[in-house]
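Analysis of the macromolecular model
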Amino acid sequence: MRGVKIIFWTLWRIWFYVLMSIPILIMFPFLVLSILTESGYPYFFKMARIWAKFILFGMGFHYKVDKEQEMEYRKSYMIVANHTSMADIMLMLALTKNPFVFVGKKELSKIPLFGFFYKRSCILVDRNSSKSKMEVFDLAQKRINQGLSICIFPEGGVPDDESILLDTFKDGAFRLAVDHGIPIAPITFADNKKRFSYTFFSGSPGLLRVKMHHHVATSGTNVDRKVIREEVREIIYSQLLQFESDAIKNGN
């Protein structure tokens, strides 16, 4: 039985990268045209959403979303979520029609084909360079001024220890949100780690539960980004505990 699972996991992981490539190849000329100018980004974003949903469906994932508050179209937000899986990017794109830009690690730009568009559409950060971190703020300001939202996974990466439910949050997302006075939209992903973690021999098709929480305001006087950071972390952490409790009750 273990041997059968290993074969399944190997083929399934290869299939994931095949699925990543198919829509990029089909839409390649349109994708290239959409990133030639900054005004073309909303069109690129629409195609990115098609790409994301194609992968989720092809991997056998279906998602259930519980929204406490809708995002206003064309309004800028700081979107934050827990980060546990390669599926996080696709699921995030599938969730909202509001065009947003990912702030992501520079290393992903090395992935063939995907990396070509990733480095031209996202704000890249080299976590080992203080200069790169400062440049992120200027680039984010530019995108916000264009009416776009920003998406950051505030843990700063996926924890190496998968037993960690939620790692500590870095300041970057909250500093940006406070400095620019945009609301924070917290999102909790319940099942991404279980369904498709970074452990190669693991995972399975199935349900991906999502909770989109009430937005957290950052405008006003005496706003403390560290207090907001911990408030948002507590929102996501409490929801993760609730998801685990629900799973136990349902026998999953």
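As shown above, the structure is provided for reference.
Here the structure is a predicted model, which means the values were calculated and not measured.

Turning to a nonpolar patch on the surface, a few remarks are in order. Nonpolar side chains collect at one region of the surface, where Ile7, Leu11, Ile14, Trp15 and Val18 lie side by side and expose about 480 Å² of accessible area between them. Here Val18 shows up in helix 1 (residues 2-26). Owing to a relative accessible area of 34%, Val18 belongs among the partly exposed residues under this scheme.

Considering all chains together, one arrives at 17 aromatic pairs under this definition. Both rings, one in Phe61 and one in Phe196, keep their centres 6.2 Å apart while their planes meet at 70°; by these two values the pair is edge-to-face. Here Phe196 lies in helix 8 (residues 192-196) and Phe61 lies in strand 1 (residues 61-67), a separation of 135 residues in the sequence. Judged by centre distance (6.3 Å) and plane angle (25°), the rings of Phe102 and Phe153 are stacked. Taken together, the residues Phe102 in strand 3 (residues 100-105) and Phe153 in the loop between strand 5 (149-152) and helix 7 (172-180) connect sequence positions 51 residues apart. What makes Phe153 buried here is its relative accessible area of 9%. Put simply, the rings of Phe28, Tyr41, Phe44, Phe45, Phe100, Phe102, Phe116, Phe117 and Phe153 pair up and form one aromatic cluster. The ring of Phe200 has Arg13 lying over it, and the distance from NZ or CZ to the ring centre is 5.9 Å. In this arrangement the basic side chain of Arg143 is found over the ring face of Tyr41, its NZ or CZ atom lying 5.0 Å from the centre.

What follows covers the packing of helix 3 (residues 41-58) against helix 4 (residues 87-95). Closest axis-to-axis distance for the helix 3/helix 4 pair is 8 Å, and the angle between their directions is 125°. Of the possible angle classes, the one that applies to helix 3 and helix 4 is oblique. Read as a crossing pair, helix 3 and helix 4 show a hand that is left-handed. Across the interface between the two elements, Phe45, Ala48, Arg49, Trp51, Ala52, Lys53, Ile55 and Leu56 of helix 3 pack against Met90, Leu91, Leu93, Ala94 and Leu95 of helix 4. For the contact of helix 3 with helix 4, a count of residues per class yields eleven nonpolar, no polar and two charged.

Attention now moves to the pattern of salt bridges. Within the structure shown, the criterion is met by nine salt bridges. Of the charged contacts, one joins Glu230 and Arg229 as a salt bridge, the two residues approaching to 2.8 Å between their closest N and O atoms. What makes Glu230 partly exposed here is its relative accessible area of 39%. One network of salt bridges, in which partners are shared, links Asp66, Glu68 and Lys211.

Listed as buried for helix 5 (residues 114-121) are Phe114, Gly115, Phe117, Tyr118 and Ser121. Projected down its long axis, helix 5 shows its buried positions confined to an angular sector of 165°, all on one face.

Turning our attention to the packing of helix 7 against helix 9 (residues 225-249). Orientation of helix 7 relative to helix 9, taken along the N-to-C sense of each, is 125°, at an axis distance of 9 Å. On the basis of the axis angle, helix 7 is oblique to helix 9. In the packing of helix 7 onto helix 9, the handedness of the crossing is right-handed. Seen from helix 7, the contacting residues are Phe174, Arg175 and Val178; seen from helix 9, they are Arg225, Ile228, Arg229 and Val232. Class assignment for the residues of the contact of helix 7 with helix 9 results in four nonpolar, no polar and three charged.

Thresholds applied
Residues numbered from 1 in each chain as written. Predicted model: local features only at pLDDT ≥ 70, side-chain atom pairs only at ≥ 80, totals over all residues. Heavy atoms only, no water. Patch = residues over 30% accessible without salt bridge, like charges linked within 9 Å, V, L, I, M, F, W, Y side chains within 5 Å. Areas by Shrake-Rupley, 256 points an atom, 1.4 Å probe, with all protein chains shown as cover. Salt bridge = Lys/Arg side-chain N within 4 Å of Asp/Glu carboxyl O. Helix = DSSP H or I, 4+ residues; strand = E, 2+ residues; numbered from the N terminus. Buried < 20%, exposed > 50% of the residue type's maximum accessible area, 1.4 Å probe, protein only. Phe/Tyr/Trp six-rings, centres within 6.5 Å; stacked < 30°, edge-to-face > 60°. Lys NZ or Arg CZ within 6 Å of the ring centre and 35° of its normal. Axes fitted to C-alpha atoms, helices over the stretch in contact; angles between N-to-C directions. Parallel < 35°, antiparallel > 145°, perpendicular 65-115°, else oblique. Left-handed = near helix turned anticlockwise from the far one by under 90°. Contact = heavy atoms within 4.5 Å. Nonpolar A, V, L, I, M, F, W, Y, C, P; charged D, E, K, R; others polar. Arc of directions from axis to C-beta.

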